[in-house]
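# Per-entry structural report
Spelled out, the chains give:
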Amino acid sequence: MPETIFSKIIRGEIPCHKVYEDAHTLAFLDIGPLSAGHTLVIPKEPAPTLDALSDESAAALGRVLPRLCRAVMKATGTTAYNVLQNNGADAHQAVFHVHFHIIPKFPARPSGASGLGIAWNSGKLEPEAAKSLAASISSSIQ
Ligand code: AMP
């Protein structure tokens, strides 16, 4: 995969405000925060999207994410937050190295930096379509 800015951060060639590091993961503050404490958690493995990530890196991320959420909550005082993970340009991904956003959510603020805003345009799950879709996804699991 093409080199991204996150590989340079992992190698220490570009500075970051690091909050955590272990053998498989790194966490640092987002340079364009949606709210105070907006943190990125990345695997050291350079996979562009979540579906391309190894089980080992996925497990390492899963292990550390709740701990980092608790740390962000404690440091910012928030009780609400979103964990966001974008895959693909159409899904708002800008940096093609897997990353999880931990974004504290605060009550609306004059500054606007209250966290993630979501337009949740929900549809309706039709039973017949749902049955075949669930079966299709289920049989696609490898
Ligand atoms: P996404 O749209 O999910 O790909 O988000 C990429 C995120 O990376 C954005 O929130 C950026 O603000 C953040 N970002 C890009 N470059 C840096 C950097 N050098 N240090 C910290 N965060 C960065």
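Structure shown above.
Residues numbered from 1 in each chain as written. Predicted model: local features only at pLDDT ≥ 70, side-chain atom pairs only at ≥ 80, totals over all residues. Heavy atoms only, no water.

This brings us to the overall build of the protein chain. The helix and strand tally for the protein chain stands at three helices and five strands. Taken from N to C terminus, the helices and strands of the protein chain fall in the order α-β-β-β-α-β-β-α. By principal-axis analysis of the C-alpha atoms, the protein chain measures approximately 50 × 40 × 25 Å. Considering the protein chain as a whole, with its 142 residues, one finds that 32% of them fall into the buried category. (Helix = DSSP H or I, 4+ residues; strand = E, 2+ residues; numbered from the N terminus. Buried < 20%, exposed > 50% of the residue type's maximum accessible area, 1.4 Å probe, protein only.)

Turning our eyes to something else, we now look at the site of the ligand. As a structural note, the neighbourhood of the ligand is formed by 16 residues, with Asp30, His92, Ala94, His99 and His101 the closest of them. A distance of 2.5 Å separates an oxygen atom of the ligand from a polar side-chain atom of Asp30. At 2.6 Å from an oxygen atom of the ligand is found a main-chain nitrogen or oxygen belonging to Ala94. Surface burial for the ligand is 84%, taken as the share of its 500 Å² of free accessible area covered by protein chains. For the shell around the ligand, the secondary-structure elements that each account for two or more residues are helix H1 (5-10) and strand S2 (25-29). A total of three residues in the shell around the ligand trace back to one element, the largest contributor, which is H1. (Near = heavy atom within 4 Å. Polar contact = N/O pair within 3.5 Å; in protein donor to acceptor, adjacent residues only side chain to side chain. Areas by Shrake-Rupley, 256 points an atom, 1.4 Å probe, with all protein chains shown as cover.)

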